[in-house]
Amino acid sequence: MKAICYIDSDNSEAKKILPILDYLSEDENLTIMSRKAYGDFWNNVNWKEVCLRNNIIPVFSKSHSGTKNSTDMKLVIDAHTDLLQNNCIEVFVIFSNDSDFIPISMEIQYYGKEVWIVGHKNNVSKSLLKLCNKFIDIDLGNIHNNITKKLNDNLNLIFNGDKKNIRLSVIRMLPQFTSGDLNPKLFGYSKFIS
């Protein structure tokens, strides 16, 4: 499915964005057509780096009244424009916890599209949570990275330095196998599937 990601930098941590974008592409099979981050990027070096390294379009939004709603308004305007002009987009992914995005989410769904919210599980607006088609906890990226690191650390034991032979006795001892938590699709090792 084709998707566009809208990142509210006021409500999202820069370091958590890349793992989620990877998860959306690899595990959710989304083809991300555009990635846009909204906020005041003059003083935020972290967001500048994340945008440059990950092909995220930074959309500068400076509040003249001292409130952060100008960022939300710019995001909503762009999402509505994309909704009307890009008929091929099936999923609108909004990185935020704000209830400010309820009206645009309803509008997107009225046009037969899906709204996915990426945010903090404990801070997301309950109304937004009920409305969205799918919610993804932004901390999922950290969990995924930790599992991948543990598995990669254990691969040296499994393969014993030789990619042709697998030591079954070691595999049976690994927590990923004994607990049933290993999803071979996440790690790309086709030998684990069989």
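Quick notes on the rules
- Residues numbered from 1 in each chain as written.
- Predicted model: local features only at pLDDT ≥ 70, side-chain atom pairs only at ≥ 80, totals over all residues.
- Heavy atoms only, no water.
- Core = buried A, V, L, I, M, F, W, Y, C linked by side-chain atoms within 4.5 Å.
- Buried < 20%, exposed > 50% of the residue type's maximum accessible area, 1.4 Å probe, protein only.
- Helix = DSSP H or I, 4+ residues; strand = E, 2+ residues; numbered from the N terminus.
- Contact = heavy atoms within 4.5 Å.
- Salt bridge = Lys/Arg side-chain N within 4 Å of Asp/Glu carboxyl O.
- Polar contact = N/O pair within 3.5 Å; in protein donor to acceptor, adjacent residues only side chain to side chain.

Caption draft 1: Inspection of the nonpolar core at higher detail. Ile17, Leu24, Leu30, Trp47, Ile56, Val93 and Phe95 are the most contacted members of the largest nonpolar core, which totals 23 residues. The set of elements that each furnish at least two residues to this core consists of β1 (2-8), α1 (17-26), β2 (31-39), α2 (45-53), β4 (91-95) and β5 (114-119). The dominant element in this core, judged by the number of residues it contributes, is α1, at four residues. Contact partners of Leu24, with chain neighbours within four places excluded, come to Cys5, Asn29, Leu30, Ile32, Val93, Phe95, Trp116 and Ile136.

Caption draft 2: Quick peek at unusual backbone geometry. Its identity is not glycine, yet Asn29 carries a phi of approximately 60°, on the positive side. Judged by its relative accessible area of 52%, Asn29 is exposed. Positive phi values are uncommon outside glycine, yet Asn55 reaches one of about 55°. Considering the arrangement of structural elements, one finds Asn55 in the loop between α2 and β3 (57-60). Under the relative-accessibility criterion, Asn55 is labelled exposed at 66%.

Caption draft 3: Broad picture of the pattern of salt bridges. Taken as a whole and judged by the stated rule, the model has six salt bridges. Measuring nitrogen to oxygen at the nearest pair gives 2.7 Å for the salt bridge that ties Lys134 to Glu28. Of the two residues, Lys134 is situated in strand β6 (residues 134-137) and Glu28 in the loop between α1 and β2; the sequence distance between them amounts to 106 residues. The partly exposed category is assigned to Lys134, whose relative accessible area is 28%. The residue Lys74 makes a salt bridge to Asp78 at a minimum N-O spacing of 3.3 Å. With Lys74 and Asp78 both in helix α3 (residues 69-85), this residue pair falls four residues apart, about one helical turn. On the accessibility criterion, Asp78 (14% relative accessible area) is buried.

Caption draft 4: Spotlight on the environment of Lys134. It is 8.6 Å that separates the C-alpha atoms of Lys134 and Val118, two residues lying 16 residues apart in sequence. Of the polar contacts made by the side chain of Lys134, one reaches the side chain of Glu28; its length is 2.7 Å.

Caption draft 5: Representation of the environment of Val124. Relative to the helices and strands, Val124 resides in the loop between β5 and α5 (126-131). Given the relative accessible area of 9%, Val124 is considered buried.

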